[in-house]
Amino acid sequence: MQDAGERGWTREVERHTAVARRLTGLLTDLGETTAPSDGNSSGRSSCTSTD
């Protein structure tokens, strides 16, 4: 979004902002955190193989 803003692409910034707002709303509806985590994007433990 920052790159689009620096390039003066206001419509692209609006689109990115709308998508981010929608995703945040969906995550909130699901009871998920929207705060940045320590590199694990889902906030959950990663799956590991048992093989």
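Residues numbered from 1 in each chain as written. Predicted model: local features only at pLDDT ≥ 70, side-chain atom pairs only at ≥ 80, totals over all residues. Heavy atoms only, no water.

## A word on the overall build of the protein
Note the threshold: Runs of H or I in DSSP of at least four residues are treated as helices and runs of E of at least two as strands, each being numbered from the N terminus. Between buried and exposed lies partly exposed: a residue is buried under 20% and exposed over 50% of the maximum accessible area for its type, with that area taken using a 1.4 Å probe on protein chains only.
Check the secondary structure of the protein and you find two helices and zero strands. Counting over 51 residues, the protein shows a buried share of 2%.

## A closer look at the pattern of salt bridges
As a reminder, the rule being used: Counted as salt bridges are all cases of a side-chain nitrogen of Lys or Arg within 4 Å of a carboxyl oxygen of Asp or Glu.
Counted according to the given criterion, the structure contains three salt bridges. A salt bridge links Asp 3 to Arg 7; the shortest N-O distance between them is 2.9 Å. The exposure class of Asp 3 is partly exposed, given its relative accessible area of 40%. Ionic pairing is found between Arg 11 and Glu 14, a salt bridge with its closest N-O pair at 3.2 Å. Here the residue Arg 11 and the residue Glu 14 both occupy positions in helix H2 (residues 10–29), the gap between them amounting to three residues, near one helical turn. Residue classification places Arg 11 among the exposed positions, given a relative accessible area of 59%.

## A few points about a nonpolar patch on the surface
Keep this limit in mind: Patches in this entry comprise residues that are over 30% relatively accessible and not in a salt bridge; like charges within 9 Å are linked, as are nonpolar side chains (Val, Leu, Ile, Met, Phe, Trp, Tyr) within 5 Å. All accessibility values rest on the Shrake-Rupley procedure with a 1.4 Å probe; residue burial counts only the protein chains present in the view.
Residues Val 19, Leu 23 and Leu 26 make up a contiguous nonpolar surface patch of roughly 240 Å² in combined accessible area. Within the secondary structure, Leu 26 is located in helix H2.

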